[in-house]
Amino acid sequence: MSRIRKISKIVTGRAAVDGAGVKLVRVLGHRDVEDFDPFLLLDAFDSTDPEDYVKGFPWHPHRGIETVTYLVSGIIEHGDSLGNKGEILDGDCQWMTAGSGIIHQEMPKPAERMLGVQLWLNLPAKDKMTDPRYGDIRSENVPIVTEEGERIKVIAGSYKESAGAFEGRYVKATYLDVLLDAGKEWSYKSDDGSTLFIYILLGSGSFDPGQTEVIENKRAVLFGEGEQFWIKAGKEGIRFLLLSGKPLKEPIAWGGPIVMNTNEELELAFRELREDSFVKSDGG
């Protein structure tokens, strides 16, 4: 019989201001890297007031990571040093491999509601300086698996017989957007030894058949070892993001938008920024 994963940590995050003045919640950050490996950072945004976010994230660098921006609703204009530009709209996802170095901007536009998250996924040491790439995942290309009382959007990885819209080249992460009706029970089989956590966007749920504790939205919940994740949706239903990936177990040297393995690599990156030699590739 599969072991059900038990809750090992609940994180509510902290209100923060980033970019040129964007109000958000930093759910995961520096203090969580060991527990959530290979996931580094999770920023959540949910606002009906454009003043909270329209100042955006003007041109800034990244190296050594992948950034995954998922919009449940809203509009974000983007551009990067590879020459990519466009919009991320309702249900779209941007999977950007910074690799050896990329400079980009993300500029949210006024919308009825801006709801979504940005995730930072670490790159293995051997791939830190890979060529940067831009992954554009359109909502209409994301498979949706529906059964009674449940709807699962498969952004990356796989669920049942459905392969996700995207597959990571470096960390084979699973990314699901799960919507369950009130009282619905749902389980997901995962590899023992992988890191698995969820971020609750809306609603609430309980996560242990033997417990009645209900966890509300706007929280990340990390689960311990086991082969099966289990949930029962709360009385108003639940919508959450499920993330899973194999931990890298490598040293981390993190400075702002750059994540490397050693302080020497970090210092080199910032020196190259000063000397205007940071961007190494046009992405091929």
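Scroll up to find the structure this text is about.
All values derive from a computational prediction rather than experimental measurement.

How each quantity is defined
- Residues numbered from 1 in each chain as written.
- Predicted model: local features only at pLDDT ≥ 70, side-chain atom pairs only at ≥ 80, totals over all residues.
- Heavy atoms only, no water.
- Helix = DSSP H or I, 4+ residues; strand = E, 2+ residues; numbered from the N terminus.
- Rg over C-alpha atoms; globule rule 2.2 N^0.38 Å.
- Buried < 20%, exposed > 50% of the residue type's maximum accessible area, 1.4 Å probe, protein only.
- Contact = heavy atoms within 4.5 Å.
- Areas by Shrake-Rupley, 256 points an atom, 1.4 Å probe, with all protein chains shown as cover.
- Lys, Arg positive; Asp, Glu negative; His and termini not counted.
- Charge placed at Lys NZ, Arg CZ, Asp CG, Glu CD.
- 1 Å grid on protein atoms, 1.4 Å probe; cavity = no way out; pocket = protein on both sides within 12 Å on 5 of 7 lines; lining within 4 Å.
- Points joined across faces, edges and corners; volume = space filled by probe spheres on them.
- Nonpolar A, V, L, I, M, F, W, Y, C, P; charged D, E, K, R; others polar.
- Expected span 1.5 Å × (residues − 1).
- Arc of directions from axis to C-beta.
- Polar contact = N/O pair within 3.5 Å; in protein donor to acceptor, adjacent residues only side chain to side chain.
- Pairing = 2+ DSSP bridges.
- Axes fitted to C-alpha atoms, helices over the stretch in contact; angles between N-to-C directions.
- Core = buried A, V, L, I, M, F, W, Y, C linked by side-chain atoms within 4.5 Å.

A look at the overall build of the protein
When its secondary structure is counted, the protein shows two helices and 24 strands. Relative to the compact-globule value of 19 Å for 284 residues, the protein shows a C-alpha radius of gyration of 18 Å, a close match. Overall, the protein is about 60 × 40 × 35 Å in size when its C-alpha atoms are taken along their principal axes. Here the protein holds 284 residues, and the buried ones make up 54% of them. Partitioning the intrachain contacts of the protein with sequence separation of at least 6 by distance along the chain shows that 71% fall at a separation of at least 24. In the structure as shown, the protein presents an accessible area of about 12,700 Å², 47% of it carried by carbon and sulfur atoms. In the protein, which carries 34 positive and 46 negative side-chain charges, the distance between the mean positions of the two groups comes to 2 Å.

Describing the layout of surface pockets
The volume enclosed by the largest pocket comes to roughly 410 Å³. Taken together, 26 residues line the largest pocket, and the ones lying closest to its centre are Asp18, Arg26, Asp43, Phe57 and Gln118. For the lining of the largest pocket, the secondary-structure elements that each account for two or more residues are strand 3 (22-28), strand 4 (39-47), strand 5 (57-62), strand 10 (102-109) and strand 11 (114-122). Broken down by element, the lining of the largest pocket gets its largest block of residues, four residues, from strand 5. For the lining of the largest pocket, the per-class residue count stands at 14 nonpolar, eight polar and four charged. A volume near 280 Å³ is recorded for the second largest pocket. Taken together, 15 residues form the lining of the second largest pocket, with Lys172, Thr174, Tyr188, Asp191 and Ser244 sitting closest to its centre.

Comments concerning helix 2 (residues 263-274)
An ideal rise of 1.5 Å per residue puts 16 Å on 12 residues; helix 2 measures up with 17 Å between its terminal C-alpha atoms. When helix 2 is considered as a whole, its buried residues turn out to be Leu266, Ala269 and Glu272. In an axial view of helix 2, the angular spread of the buried residues amounts to 125°, which keeps them on one side of the axis. In helix 2, those exposed residues whose orientation departs by more than 90 degrees from the buried face are Asn263, Glu264, Glu267 and Arg274.

Observations regarding the environment of Trp59
Mapping Trp59 onto the fold places it in strand 5. Setting aside chain neighbours within four positions, we find Trp59 in contact with Gly79, Asp80, Ser81, Ile103, His104 and Gln105. A polar atom in the side chain of Trp59 sits 3.4 Å from the side chain of Gln105.

Quick word on the sheet that holds strand 9 (residues 93-97)
On the basis of which strands lie adjacent, the open sheet formed by seven strands has the order 2-3-4-11-6-9-12 and antiparallel pairing. Looking at strand neighbours, the two that pair on one side only are strand 2 (14-18) and strand 12 (133-137), the edges of this open sheet. Along the sheet, successive strands turn relative to each other by an average axial angle of 20°, direction set aside.

Overview of the nonpolar core
One finds Trp95, Val117, Tyr175 and Phe197 to be the most contacted residues of the largest nonpolar core, which totals 32 residues. Beyond its immediate sequence surroundings of up to four residues, Val117 is in contact with Leu42, Asp43, Ala44, Phe45, Val68, Thr69, Tyr70, Tyr175, Tyr199, Leu201 and Leu241. Membership of the second largest hydrophobic core comes to 22 residues, among which are Ile152, Leu180, Ile238 and Phe240.

Side note on the environment of Trp230
With respect to the secondary-structure elements, Trp230 resides in strand 22 (residues 228-245). Classification of Trp230 by relative accessible area gives buried; the value is 13%. When the C-alpha atoms of Trp230 and Asp208 are compared, they prove to be 6.7 Å apart, with 22 residues separating the residues in sequence. Not counting the four nearest positions on each side in its chain, Trp230 is found in contact with Ile4, Glu185, Trp186, Ser187, Ser206, Phe207, Asp208 and Pro209.

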